[in-house]
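Descriptive structure summary
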Amino acid sequence: MIHFQNVGKTFTTPTGPLQAVSSVSLKVEERDIYGLIGFSGAGKSTLLRMINLLERPDEGSVLVNGEDLTQLSLRELRKRRLSIGMIFQHFNLLNNLNVYDNVSFPLEIAKVPTEQRKQRIEECLEMVGLLDKAKTYPAKLSGGQKQRVAIARALANKPKILLCDEPTSSVDPQTTGSILASLKEINEKLGITIVIVTHEMNVVKAICNKVAVMEHGRVVEKFNLRESNIAP
Ligand code: ADP
Ligand code: ADP
């Protein structure tokens, strides 16, 4: 589903070129929950962001469903991006909009008609257990609730892939559990493929079926985690 072939990315910085990702090859299969783990600065986030071209690879290629997104026109790329959801460490909710309108936002961009939009928003909020918070503003939510709103928003346009960049790094351990439970549920119920960047081994242990360990821009190890290793 996602295929990295010898992918590299170098940033230009004031102190010279910085190779963030070096010759990474890996395959994420449909319905995987694929973990990218490693210390800060290892290149995990850059690798993740090359899946939806928030960063462009400057070596090798990234294929999503067999397609090299760098070959698409901007218009086509925008369309493809709708099928790739993303969530972040700091949630990135729109604070001047309530929960309902936050989830509505990507649907409005995709020009989904009002009636359909309403149904879709309710489905997504129900999926993360926050339908009763539709009218609430982000400032009144806990960290776990904010991240679950972000998940609902990421699901709005029915993506096949969800990218998660340190989704539990700014919340406490209990809240981490509720976020991971939501991710596991959407993987199982909706068949969504998840790629998750984290520096926390407990996150990988809790939900990932595969993991790649990154160091200094390289994948240094890959593991398949057997079903029996996956926590309930
Ligand atoms: P991780 O997600 O593992 O913490 P990143 O992918 O964020 O690592 O970063 C890898 C390296 O690339 C780091 O040294 C970081 O400082 C550098 N880097 C990331 N983004 C940029 C950028 N836009 N410009 C310059 N350097 C960057
Ligand atoms: P807090 O951030 O205050 O610790 P959360 O917002 O993470 O709490 O969770 C609030 C409640 O919602 C918890 O009781 C949790 O068990 C429940 N919850 C978590 N995930 C889901 C889900 N996917 N569907 C329904 N309920 C959930």
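Throughout what follows, the structure given in this document is the object of discussion. Since we're looking at a predicted model, the values are computed, not measured.

1. Digging into the site of ligand 2
Near ligand 2 you find M127, V128, G129, S142, G144, Q145, R148, T175, S178, S182 and E185, and these make up its full shell. Between ligand 2 and S142 there is a distance of 2.7 Å, counted from an oxygen atom to a side-chain nitrogen or oxygen. Within the side chain of S182, one N or O atom sits 2.9 Å away from a nitrogen atom of ligand 2. Notes on ligand 2: free accessible area 570 Å², of which the protein chains cover 54%. Secondary structure elements with two or more residues in the shell around ligand 2: helix 5 (143-155) and helix 6 (173-190). Ranked by residue count, the leading element in the shell around ligand 2 is helix 6, at 4 residues. Here the residues of the shell around ligand 2 sort into 2 nonpolar, 7 polar and 2 charged.

2. Some words on the site of ligand 1
In the region of ligand 1, the neighbouring residues are F11, T13, L18, A20, F39, S40, G41, A42, G43, K44, S45 and T46. Between ligand 1 and the protein, one listed contact pairs an oxygen atom with a backbone N or O atom of G41 at 2.7 Å. Here an oxygen atom of ligand 1 sits 3.0 Å away from a polar atom, N or O, in the main chain of A42. Mapped onto the shell around ligand 1, the elements with two or more residues apiece are strand 1 (2-13), strand 2 (16-28) and helix 1 (44-49).

3. Thoughts on the layout of surface pockets
Taken as a whole, the largest pocket holds about 800 Å³ of empty space. Lining the largest pocket are 22 residues, and of these R81, L82, P106, I109 and N157 sit closest to its centre. For the lining of the largest pocket, the secondary-structure elements that each account for two or more residues are helix 2 (74-81), strand 6 (84-87), helix 3 (99-109) and helix 5. Grouping the amino acids of the lining of the largest pocket by side-chain chemistry returns 12 nonpolar, 4 polar and 6 charged. Here the lining of the largest pocket gathers at least three residues from each of two domains, domain 1 (1-83 + 160-173 + 191-229) and domain 2 (93-158). Each pocket or cavity is described by its volume, and for the second largest pocket that value is around 210 Å³. Around the second largest pocket, the lining comprises 14 residues; the ones closest to its centre are R120, K158, P159, L190 and I192. Take the lining of the second largest pocket: its biggest share by element is 4 residues, from helix 4 (residues 114-127). Of the residues belonging to the lining of the second largest pocket, the class tally is 7 nonpolar, 2 polar and 5 charged. Of the residues that make up the lining of the second largest pocket, three or more belong to each of domain 1 (1-83 + 160-173 + 191-229) and domain 2 (93-158).

4. Considerations on the nonpolar core
Core analysis: the largest hydrophobic core is formed by 40 residues, its most contacted members being L162, L183, I194 and I196. Taken together, domain 1 (1-83 + 160-173 + 191-229) and domain 2 (93-158) each give at least three residues to this core, which thus spans both. Apart from residues lying up to four places away in sequence, L183 is in contact with I87, I151, L162, C164, P167, I194, I196 and I207. Core analysis: the next-biggest nonpolar cluster, separate from the first, contains 28 residues, V7, L69, L77 and I161 among them.

What counts, and at which threshold
Residues numbered from 1 in each chain as written. Chains lettered and ligands numbered in written order. Predicted model: local features only at pLDDT ≥ 70, side-chain atom pairs only at ≥ 80, totals over all residues. Heavy atoms only, no water. Near = heavy atom within 4 Å. Polar contact = N/O pair within 3.5 Å; in protein donor to acceptor, adjacent residues only side chain to side chain. Areas by Shrake-Rupley, 256 points an atom, 1.4 Å probe, with all protein chains shown as cover. Helix = DSSP H or I, 4+ residues; strand = E, 2+ residues; numbered from the N terminus. Nonpolar A, V, L, I, M, F, W, Y, C, P; charged D, E, K, R; others polar. 1 Å grid on protein atoms, 1.4 Å probe; cavity = no way out; pocket = protein on both sides within 12 Å on 5 of 7 lines; lining within 4 Å. Points joined across faces, edges and corners; volume = space filled by probe spheres on them. Domains from an automatic or database assignment. Core = buried A, V, L, I, M, F, W, Y, C linked by side-chain atoms within 4.5 Å. Buried < 20%, exposed > 50% of the residue type's maximum accessible area, 1.4 Å probe, protein only. Contact = heavy atoms within 4.5 Å.

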